[in-house]
Amino acid sequence: MVLVLHLSCSQLVSGNKMATGQQWVLVEMVQAFYEAPAYHLILEGILILWIVRLLFSKTYKLQERSDLTEKEKEELIEEWQPEPLVPPISKDHPALNNNIVSGPPTHNIVVNDRRCINFASFNFLGLLDNEKVKNVALASLKKYGVGTCGPRGFYGTFDVHLELEDRIAKFMRTEEAIIYSYGFATIASAIPAYSKRGDLVFVDEAACFAIQKGLQASRSNIKYFKHNDMDDLERLLKEQELEDQKNPRKARVTRRFLVVEGLYMNTGYICPLPELVKLKYKYKVRIFLEESLSFGVLGEHGRGVTEHFGVNINDIDLISANMENSLASIGGFCCGRSFVIDHQ
């Protein structure tokens, strides 16, 4: 009995404590309500009203669309007129009336049965219609056959490859030459073969697209100088010389190249090669000369801009040209010293 009385007293005391604790919590809440700033109470009131509105607001249903009958669907389909994919074109539009060329694209060309002078061809020397070239081409077809492509990396080196490289090297008066199966890829592949990330390339701002792709592939540091402006080029070379003096350790491992065209495709101007050679030896840079348009055109024997200016070809580190212009063929070549060509 004493134990029961003791438990009853304990429960009574704990119940009084709980009631007292709840009263204190309520008092604290009321006190905090009075102490809160007015803007805080207003914001909470707005939120409470918004929640109540969402809870008791009606849900809106989309208006149901009545189904069309089969007859109404057919009528709508018959009335629908699609817009033309292209605007109407007159039958006299130039795109619908092509100019038809008859015969080989030589210096004189027949267009729509009318004899014209051809200014739209790279066949400068007219070798495309040369009888001797045709006969040799036919003999090669009979001996080697013809296929979709013939890169040496796929089909191996043929005797005509080596013979052509030897004849090009002798004609250009260089130690060696190497041929490529695609003219555009010649200089675009030669530049990144030598110039790597961290190297420095000075290039004319009017350089052709093939040179630009080669520079992009090399990931080198590119500095453009104004077209055929030797003063601007020397300014860049002097600035680089001052930077090299600040960091001679980096300068010793940085290679420098000068890339120009013999006859610029984008402007038609000839590069000032003698002045470029002087700057080469003065500032210790290597010259890459792209002669796709000048080869077979400039010089007494068609050797290009080096023969045109009487510059020693050994002063040029690498000469590249494609055979798709003057030679009216396909592919390209690079020529120079043996250790330069062997690197490719």
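Use the structure listed above.
Right, let's walk through the structure included here. Just so we're clear, the structure is a prediction, and the values are computed from it rather than from any experiment.

## Some remarks on the overall build of the protein chain
Stage number 1. Helices and strands together make up the secondary structure of the protein chain, namely 13 helices and 10 strands.
Stage number 2. Within the protein chain, buried positions represent 31% of all 344 residues.
Stage number 3. A separation threshold of at least 6 residues defines the contact pool for the protein chain, and within that pool the share at least 24 residues apart is 57%.

## Description of the packing of aromatic side chains
Stage number 1. Tallied over the full model, the rule gives 8 aromatic pairs.
Stage number 2. Measuring from ring centre to ring centre gives 5.9 Å for Tyr144 and Phe158, while their planes differ by 80°; the resulting arrangement is edge-to-face. Of this pair, Tyr144 sits in helix α4 (residues 131–144) while Phe158 sits in the loop between α5 (152–155) and α6 (159–172), and the two are 14 residues apart along the sequence.
Stage number 3. Classification of Tyr144 as partly exposed rests on a relative accessible area of 32%.
Stage number 4. We classify Phe158 as partly exposed; its relative accessible area is 34%.

## A closer look at unusual backbone geometry
Stage number 1. The phi angle at Asp113 is positive, at roughly 65°, despite the residue not being glycine.
Stage number 2. Positionally, Asp113 belongs in the loop between β2 (108–111) and β3 (114–117).
Stage number 3. Here Asp113 falls in the exposed class, since its relative accessible area comes to 75%.
Stage number 4. Although it is not a glycine, Asn228 sits at a positive phi angle of roughly 55°.
Stage number 5. Relative to the elements of secondary structure, Asn228 occurs in the loop between β6 (221–225) and α9 (230–246).

## Notes on the nonpolar core
Stage number 1. Membership of the largest hydrophobic core comes to 36 residues, with the highest contact counts inside it found for Met172, Leu233, Leu258, Leu273, Leu276, Leu289 and Phe333.
Stage number 2. Once residues lying within four places of it in the same chain are set aside, the contact partners of Phe333 are Ile168, Met172, Ile178, Ile179, Thr186, Phe295, Ile319, Ser320, Ala321 and Met323.
Stage number 3. Membership of the second largest hydrophobic core comes to 20 residues, among which are Ile187, Ile191, Ala210 and Phe288.

## Here we look at the pairing of strand β8 (residues 286–290)
Regular strands have side chains that alternate between both faces of the sheet.
Stage number 1. The buried fraction of β8 amounts to 4 of the 5 residues, a majority that puts the element mostly inside the structure.
Stage number 2. Handedness of the crossover joining strand β7 (residues 256–261) and β8 through helix α11 (residues 273–283): right-handed.
Stage number 3. As paired elements, β8 and strand β9 (residues 318–322) share 3 bridges and run parallel to each other. Within β9, the position partnered with Leu289 by the bridge is Ile319.

What counts and what doesn't
Residues numbered from 1 in each chain as written. Predicted model: local features only at pLDDT ≥ 70, side-chain atom pairs only at ≥ 80, totals over all residues. Heavy atoms only, no water. Helix = DSSP H or I, 4+ residues; strand = E, 2+ residues; numbered from the N terminus. Buried < 20%, exposed > 50% of the residue type's maximum accessible area, 1.4 Å probe, protein only. Contact = heavy atoms within 4.5 Å. Phe/Tyr/Trp six-rings, centres within 6.5 Å; stacked < 30°, edge-to-face > 60°. Core = buried A, V, L, I, M, F, W, Y, C linked by side-chain atoms within 4.5 Å. Right-handed = clockwise from strand over helix to strand, strands pointing away. Pairing = 2+ DSSP bridges.

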